[in-house]
Amino acid sequence: MQLKPPNPKARVVLATLLTAGLLAGLGSRAYSGTTPPAATTPLSLGAVDYLGSLRTPADVKGKPSTFKRVVGKILGLDPDHRGMALPHGVAVDDQGRVLVADTKGQVVHMFDAVGRKYKQIHPPDSDPFLSPIAIALDSKGQIYVTDSGRSRIFVFRADGKFLHTIGALDKKESIFKRCTGLAIDRKHGDTLYVVDTIAHRVVVLGPDGKVMTRIGQRGEGPAEFNYPTHIAVSADGSLWVVDSLNFRVQHLDASGKFIAAFGGQGDRAGEFDKPKGIAVDAQGRLLVVEGRFDRVQAYSADGQMVFTFGNTGSAPGEFFLPTGIALDNEGKIYVADGHNGRVEIFRMSAASVSPGAGAGGR
């Protein structure tokens, strides 16, 4: 009996579901816990210190005074309970403002602790977010957000005003099949590196949005990918790509030439099951979010495990399906704790920055 070829539409649906599963951690785990008591910060967790978390506007604006609450109740003003539904990508600008792409909430949250302000960023209603994933900043402070559902990048001014999109050929077609991870080389001309998960490649764009080149194809060899999802750029312009279903991180030069790789499938130190966000610190160490095991794994530039932190849960310093990660100019670490609806903030402890530091966390 001759088998019929797969329906092309069915292929697209399957690939879409697979991408959503990779980005969301496949959502197959269940966690049930009570709301933990607030932590006394900083809280030492071994390799890192826990500094706090961001959930709602109150985390930067502070809680309103009793007088304001009473007046608000008299005037019928609702308190600001806007919070994060499913944070994914996170970035920190030069002013210390934390920007979070909320996939389920279909919005970008801006937390300004210095100015004690909070705002939401979104494109016009005529061209809305559908599934915002990654977020990055260029040298001018402009904000770029990938949308895997719309297969395009939304660009905003530093103050959150919408500018334009990148990638759309028309209302339905795009140069991307499913754009997810994003990194911008701010030191070398604001080159954009966009992970196109379903196409199994990285698309390189100039600051004008024009395609410069494409890196990779599907496979298991050097500079080949199997559903890549996230990316980071080093100070020297080289790239670190999370090659999710090859369970590894690949190191490439700016032109896409293979340098090295590390990882492998498993739950032991140095291995991955659901690798997600990636960031590079000032010492060149790599911080990789491992979504399945709810931890962050730190590696030296040559791929050697340095330390880990995190456990499954909702207490301070714990995660439930974490996704994105970023560092600020002071070296603080921001982790999008997806299913706990928050961003947790850490800093390296003295132990983790000393020579010969070992593993912490779990």
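Residues numbered from 1 in each chain as written. Predicted model: local features only at pLDDT ≥ 70, side-chain atom pairs only at ≥ 80, totals over all residues. Heavy atoms only, no water.

### Digging into the overall build of the protein
Of the regular secondary structure elements, the protein holds 4 helices and 25 strands. Looking at the protein residue by residue over its 362 residues, the buried ones come to 52%. Looking at the protein alone, contacts between residues at least 24 apart form 48% of all its contacts between residues at least 6 apart. Counting every atom, the protein has about 17,100 Å² of accessible surface; 53% of that belongs to carbon and sulfur. (Helix = DSSP H or I, 4+ residues; strand = E, 2+ residues; numbered from the N terminus. Buried < 20%, exposed > 50% of the residue type's maximum accessible area, 1.4 Å probe, protein only. Contact = heavy atoms within 4.5 Å. Areas by Shrake-Rupley, 256 points an atom, 1.4 Å probe, with all protein chains shown as cover.)

### Concerning the pairing of strand S13 (residues 201-205)
In summary, the side chains of a regular strand alternate between the two faces of the sheet. Among the 5 residues of S13, 4 are classified as buried, and the element is accordingly described as predominantly covered. Both strand S12 (residues 191-196) and S13 contribute to a ladder of 5 bridges, which runs antiparallel. Its bridge partner lying in S13, Val 194 is registered against Val 203. Connecting the antiparallel pair S12 and S13 is a turn made up of 4 residues, with His 200 showing a positive phi of about 60°. Alignment of S13 against strand S14 (residues 211-215), held across 4 bridges, turns out to be antiparallel. The residue of S14 that forms the bridge with Val 202 is Ile 215. Taking the residues between adjacent antiparallel strands as the criterion, S13 and S14 are bridged by 5 residues, where Gly 209 takes a positive phi near 90°. (Pairing = 2+ DSSP bridges.)

### Describing the environment of Phe 225
In this structure, Phe 225 sits in the loop between S14 and strand S15 (230-233). In this structure, the C-alpha to C-alpha distance between Phe 225 and Asn 246, residues 21 residues apart in sequence, is 7.1 Å.

### Overview of the sheet that holds strand S25 (residues 342-348)
What the 5 strands build is an open sheet, ordered S1-S2-S25-S24-S23; its pairing is antiparallel. Unpaired on one side and paired on the other, strand S1 (43-44) and strand S23 (322-327) mark the two borders of the sheet. As defined by bridge partners, strand S24 (residues 333-337) adjoins S25 across 5 bridges and the pair is classed as antiparallel. For Val 335, the partnering residue across the bridge sits in S25 and is Glu 344.

### Some details on the side chain of Thr 146
One can find Thr 146 in strand S8 (residues 143-147). Ignoring any residue separated from it by four or fewer positions in sequence, one finds Thr 146 in contact with Ser 131, Pro 132, Ile 133, Ala 134, Arg 152, Ile 153, Cys 179, Thr 180, Gly 181, Leu 182 and Val 194.

### Focus: the confidence of the model for the protein
On average, residues of the protein score 88 in pLDDT, and 81% of them are at 70 or above. Every residue in residues 31-37 scores below 50 in pLDDT, and together they form 9 contacts with partners more than four places removed in sequence or on other chains. Low pLDDT, under 50, characterises residues 355-362; the stretch is placed with 22 contacts to residues that sit more than four places away or in other chains. (pLDDT = per-residue confidence, 0-100.)

### Focus: the sheet that holds S15
Across the sheet, which stays open at both edges, the 4 strands sit in the order S15-S16-S17-S18 with antiparallel pairing between neighbours. If you trace the sheet from one side to the other, it starts and ends with S15 and strand S18 (258-263), each paired once. The mean inter-strand angle of the sheet, taken between neighbouring strand axes irrespective of direction, is 20°. (Axes fitted to C-alpha atoms, helices over the stretch in contact; angles between N-to-C directions.)

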